[in-house]
Amino acid sequence: MGISIRNLNCTINETPILHDISLDFTSGMVGIIGPNGAGKTTLLRTISGYLKPESGSVEIDGIDVRKIDVKSLAKKMALVPQNYALEYDFTVLETVLMGRNPHKKTFESESAEDIRLAREAIAKTGIAHLENRSVIGLSGGEWQRMIIARALVQQSNILLLDEPVSNLDIKHQVGILALVRDLIAGSGLLCVCVLHDLNLASHYCDQIVLMKKGRVIEYGRTEDILKKDILEAVYDTKICMIRAEDGSTYILPEMI
Ligand SMILES: Nc1ncnc2c1ncn2[C@@H]1O[C@H](COP(=O)(O)OP(=O)(O)OP(=O)(O)O)[C@@H](O)[C@H]1O
């Protein structure tokens, strides 16, 4: 069960991007990290079924992702993409309610339960005060939290997040990742999350996929992957590991 990726190769515009990737994810928080252009977003988009692989397969609960119809897939898996744009003048509540569409018949209006779930997700992502605001004019961080709320109301067992906290201030960065961690603890959710911040990855991820140049360099428990020598080699950057008073370790680039 979960996500099973086998010998995945992906080509975009005749350029090979992903090379022979095989991974299995079952539950918990899996962080995908790696330098710019490593193929993290391409991997996530291929897992979501949006991109067709050149060869190899992605299976969700044992079924090829590209053989699952859109509505059934949206019940299994919610994607929060990077730089997602909406070109309409709906309110925040109306937009979050769209996350309930996979659970409704075509043209069926939303139930009181749909509205309750949407308001709950809006409150959890800290945007209750924006419920009736138009999506036009939201700040980058407000927008990002709304798209996460919309994914949460899909109530899927798999959450794919592409740099979900990149526009958020530090309070909301830890707030959103702690929220996902609590959902995982409460329901056995699987979350696959592209992150650039190695300290957030260190704190919130159970497992890490470390990518470079379209390949998986390392995959394993967070504490086994986020090591000075491994990170320095992959990021080609000198790294300081700082031990805090509470015993936790923080990863910083050596300033040049
Ligand atoms: N549509 C496209 N056409 C051509 N090349 C593409 C396309 N999409 C992605 N690529 C290339 O594929 C490679 C991987 O891109 P991807 O966005 O998956 O990397 P990433 O690890 O998510 O990068 P970043 O950390 O910078 O967001 C990059 O070299 C990128 O330029």
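Everything numeric in this text was worked out from a predicted model, so none of it was measured.

So, how was this worked out
Residues numbered from 1 in each chain as written. Predicted model: local features only at pLDDT ≥ 70, side-chain atom pairs only at ≥ 80, totals over all residues. Heavy atoms only, no water. Salt bridge = Lys/Arg side-chain N within 4 Å of Asp/Glu carboxyl O. Helix = DSSP H or I, 4+ residues; strand = E, 2+ residues; numbered from the N terminus. Buried < 20%, exposed > 50% of the residue type's maximum accessible area, 1.4 Å probe, protein only. Near = heavy atom within 4 Å. Polar contact = N/O pair within 3.5 Å; in protein donor to acceptor, adjacent residues only side chain to side chain. Areas by Shrake-Rupley, 256 points an atom, 1.4 Å probe, with all protein chains shown as cover. Nonpolar A, V, L, I, M, F, W, Y, C, P; charged D, E, K, R; others polar. Pairing = 2+ DSSP bridges. Contact = heavy atoms within 4.5 Å. Axes fitted to C-alpha atoms, helices over the stretch in contact; angles between N-to-C directions. Patch = residues over 30% accessible without salt bridge, like charges linked within 9 Å, V, L, I, M, F, W, Y side chains within 5 Å. Core = buried A, V, L, I, M, F, W, Y, C linked by side-chain atoms within 4.5 Å. UniProt positions renumbered as here; feature names shortened; annotations may be inferred.

**Brief notes about the pattern of salt bridges**
By the definition in use, this model includes twelve salt bridges. One salt bridge in this structure joins arginine 6 and aspartate 24, with 2.7 Å as the shortest N-O distance. Taken together, the residues span a long stretch of sequence, with arginine 6 in strand E1 (residues 3-12) and aspartate 24 in strand E2 (residues 15-25) at a distance of 18 residues. Look at arginine 6 and you get partly exposed, because its relative accessible area is 34%. The exposure class assigned to aspartate 24 is partly exposed, which follows from its relative accessible area of 37%.

**Concerning the site of the ligand**
Taken together, the neighbourhood of the ligand is formed by 13 residues, with Gly37, Gly39, Lys40, Thr42 and His196 sitting nearest. Between an oxygen atom of the ligand and a main-chain N or O atom of glycine 39, the distance comes to 2.9 Å. In the environment of the ligand, an oxygen atom lies 2.5 Å from a nitrogen or oxygen atom belonging to the side chain of threonine 42. Coverage of the ligand by the protein amounts to 61% of the 640 Å² it exposes when considered alone. Examining the composition of the shell around the ligand, we find that three residues originate from one element, helix H1 (residues 40-47), more than from any other. Tallied by class, residues from the shell around the ligand come to four nonpolar, seven polar and two charged.

**So, the sheet that holds strand E5 (residues 63-64)**
Spatially, the four strands line up as an open sheet ordered E2-E1-E4-E5, and their pairing is antiparallel. Unpaired on one side and paired on the other, E2 and E5 mark the two borders of the sheet. Pairing analysis gives five bridges linking E1 to strand E4 (residues 55-60), with the strands arranged antiparallel. Residue pairing across strands places arginine 6 opposite serine 57, the latter belonging to E4. Taken strand by strand, H1 contacts E1, E2 and E4, and its axis lies near 120° from that of E1.

**Regarding the environment of glycine 188**
With respect to the helices, strands and loops of the structure, glycine 188 is situated in the loop between helix H6 (170-187) and strand E8 (190-194). As for glycine 188 and threonine 26, which are separated by 162 residues in sequence, their C-alpha atoms are 9.1 Å apart. Setting aside residues no more than four positions away along its own chain, glycine 188 makes contact with Ser27 and Leu183.

**What about a nonpolar patch on the surface?**
Residues Ile242, Tyr250 and Leu252 make up a contiguous nonpolar surface patch of about 260 Å² in total accessible area. Position of isoleucine 242 relative to the elements: it lies in strand E11 (residues 239-243). The exposure class of isoleucine 242 is partly exposed, given its relative accessible area of 40%.

**So, the nonpolar core**
Side chains of a nonpolar character, in soluble globular proteins, are inclined to be buried together. Counting 52 residues, the largest nonpolar core has Met29, Ile33, Val92, Val96, Met146, Leu159 and Cys191 as its most contacted members. Discounting residues that sit within four places of it in the chain, isoleucine 33 has contacts with Lys40, Leu195, Leu198, Ala201, Ile208, Val209, Leu210, Met211, Leu226, Leu231 and Tyr235. Among the nonpolar cores identified, the runner-up in size contains 28 residues, and Cys10, Leu18, Leu51 and Val58 belong to it.

**Brief notes about the UniProt feature "domain: ABC transporter" (unreviewed entry) in the protein**
Taking the UniProt record as the reference, the feature "domain: ABC transporter" (unreviewed entry) is found at residues 3-238. With 36% helix and 26% strand, residues 3-238 has its two end C-alpha atoms placed 34 Å apart.

**Points about the sheet that holds strand E6 (residues 77-80)**
Strands sit in the order E6-E7-E8-E3-E9-E10 across an open sheet of six strands; the sheet is mixed. The open sheet has two free edges, formed respectively by E6 and strand E10 (215-221), since each of these has just one partner strand. With strand direction ignored, the average angle separating the axes of adjacent strands in the sheet is 15°. Strands in contact with helix H5 (residues 140-152) are E6 and strand E7 (158-162); relative to E6, the strand with the most contacts, it is inclined by about 175°.

**Points about the pairing of E1**
On any regular strand, side chains alternate: one points to one face of the sheet, the next to the other face. Summarising the sheet, E1 and E2 pair through seven bridges and their orientation is antiparallel. Residue cysteine 10 lies in a different strand from E2, and its bridge partner there is leucine 18. Two successive antiparallel strands, E1 and E2, enclose a turn made up of two residues, where asparagine 13 displays a positive phi of approximately 45°.

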